[in-house]
Amino acid sequence: MAVGASEGVGAGVPALAGVPVLGSLFDLKSDSLGTYLRAQHQHGDVVRITAGPPGLRAELYCVFSAEGAQQVLASESANFRKDNPFYQEVRDSFGNGLLTSQDEDYLRQRRLVQPLFTRRRVDGYAGAVAAETEAVVAAWQEAPDGIVDVSDQMMHLALRAVARILFGTDVEATVDVVDRCFPVITDYVLRRGYSPANIPRSWPTPANKRAAAAMDELYAVCDKIIGERRADPAESPGEDLLTLLAAAKSSDDGEFDASELRDQVLIFLLAGHETTATSLSFALHLLARHPEEQKRAREEITRVLGDRTPEAADLDRLPYLTQVLKEAMRLYPAAPVIGRKAVAATEVGGHTVPAGADVILAPWVTHRHPLHWPDPDRFDPERFTPEAEAGRPRYAWFPFGGGPRACIGQHFSMLESVIALAMILRAYEFEAVDTDIPVSAGITLRTDGPARCRVRRLDG
């Protein structure tokens, strides 16, 4: 017996069929991205999905159209808040930084941080990205049998780059701790964020104790560096982001205290390395599976850069490489699912989403919407020529979110990704070893297996 639409508010919204009592619980647990795709294919752009037993049942209102995404994230964003259990778990683990804060807290943080993310300021980080990429390029010469797991390697590169930009000369003190503690904490957040009920974090269960130990270690290394900077600003290593955050202040908004600084640092570490690593990993793997596109990208890189190190100004000179990256982000958006809670009943796509409803946007689905993306599973960088982009709705592609809460670091992510791709593709030719990479929705998109490529050095 399939689960149908319930009576009353929301009854007119098409419902995805599930099993008796539990609805789509097991489908969402085993393959949430596939379940959202199936919901759109079967029922259109606004679909209700129920999951869980009576009394603990979640009811999700999924919005898949570009117009609906724009309404939720931009034109009516005040009506859709980050109030769901998942965001609360992220707050409890990684702090109340820009990703998770709301209302006046968010506005104050954004005003203090915004001057640190101007294009001119971010462009100044190009050298740090190039230095970390050069280290990866050199290390791959020693890869056993010439095979590298690009998912693992790009996670390492992105973490080192963002840690270097955040902490400057203190990068070595943080990378090992983040590398060790983040997986423990993120897995804990995911289990609790998608569970219908949770025991208190204070109970001494093995899972709670492991997560608490990882958080304590992570917090301690951040607090130590922050304390040292504030105790002796004259000894600051330079224009790293932590130094700038510690100095950020205004007459209206004051400045960050030590706890607020740590919250911002943790959120930047989380959002600043996993998202970029995802984009880089899949861009490289897609090119490894498509040799003609790989050749065209490399020819552009060679023509524009020659042997010199790429700079921020080169982003505009590498249009095809940028198209490759955007197409990779379409097929594999680092944030494949975005959640909100409706404050008031709202009409979306001709259906009423009730007050208090959990609303799901899925770039994973919208980026494959057949109305805007013919043959949507095909890799085609030509989708992102200026002419093609001008012919699509703004929110047909939104890997950085949108509206007033669009990712503040999107220019940095594009800068880092283009520079790293240019240097890596100039040095190596790629051939895919693993041709099918299973993925799932975590805090960010995650690979559920290796993404190995065989690499061949091109410049000796």
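Relevant structure appears above.
Because the structure is predicted, anything quoted here is derived from the model rather than measured.

## So, the pattern of salt bridges
In the structure shown here, the tally under the stated rule is 28 salt bridges. The shortest N-O distance in the salt bridge between aspartate 358 and lysine 341 comes to 3.0 Å. Linking aspartate 358 in strand S10 (residues 358–361) with lysine 341 in strand S7 (residues 338–342), this pair joins segments that are 17 residues apart in sequence. Overlapping salt bridges bring together Arg81, Asp83 and Asp103 as one network.

## Section: the pairing of S7
Most of S7 is tucked away: four of the five residues are buried. Inspection of the sheet shows strand S3 (residues 80–81) paired to S7 by two bridges, in the antiparallel sense. Residue pairing for S7: phenylalanine 80 is matched across the bridge by alanine 342.

## Side note on the environment of valine 324
Mapping valine 324 onto the fold places it in helix H13 (residues 319–331). Excluding its chain neighbours within four sequence positions, the residues that come into contact with valine 324 are Leu287, Phe379 and Pro381.

## Observations concerning the environment of glycine 34
Among the structural elements, glycine 34 can be located in helix H1 (residues 25–43). When the C-alpha positions of glycine 34 and serine 440 are compared, they lie 9.2 Å apart, and in sequence the two are 406 residues distant.

## Topic: helix H16 (residues 410–427)
Helix length check: H16, at 18 residues, gives a terminal C-alpha distance of 26 Å against a target of 26 Å (1.5 Å per residue), a fit within 8%. Taken across its 18 residues, H16 has 17 buried, putting it largely inside the fold.

## Side note on the sheet that holds strand S11 (residues 428–432)
If you trace the three strands from one edge of the open sheet to the other, you get S4-S14-S11, paired in antiparallel fashion. Bordering the open sheet on either side are strand S4 (147–149) and S11, each of which pairs with just one other strand. Between one strand axis and the next, the sheet turns through 40° on average, direction left out of account. Pairing analysis gives five bridges linking S11 to strand S14 (residues 452–457), with the strands arranged antiparallel. Of the residues in S14, the one forming a bridge with glutamate 429 is arginine 456. Each of S11 and S14 is contacted by H16, which is oriented at about 90° to S11, the strand it contacts most.

Cut-off values and rules
- Residues numbered from 1 in each chain as written.
- Predicted model: local features only at pLDDT ≥ 70, side-chain atom pairs only at ≥ 80, totals over all residues.
- Heavy atoms only, no water.
- Salt bridge = Lys/Arg side-chain N within 4 Å of Asp/Glu carboxyl O.
- Helix = DSSP H or I, 4+ residues; strand = E, 2+ residues; numbered from the N terminus.
- Buried < 20%, exposed > 50% of the residue type's maximum accessible area, 1.4 Å probe, protein only.
- Pairing = 2+ DSSP bridges.
- Contact = heavy atoms within 4.5 Å.
- Expected span 1.5 Å × (residues − 1).
- Axes fitted to C-alpha atoms, helices over the stretch in contact; angles between N-to-C directions.

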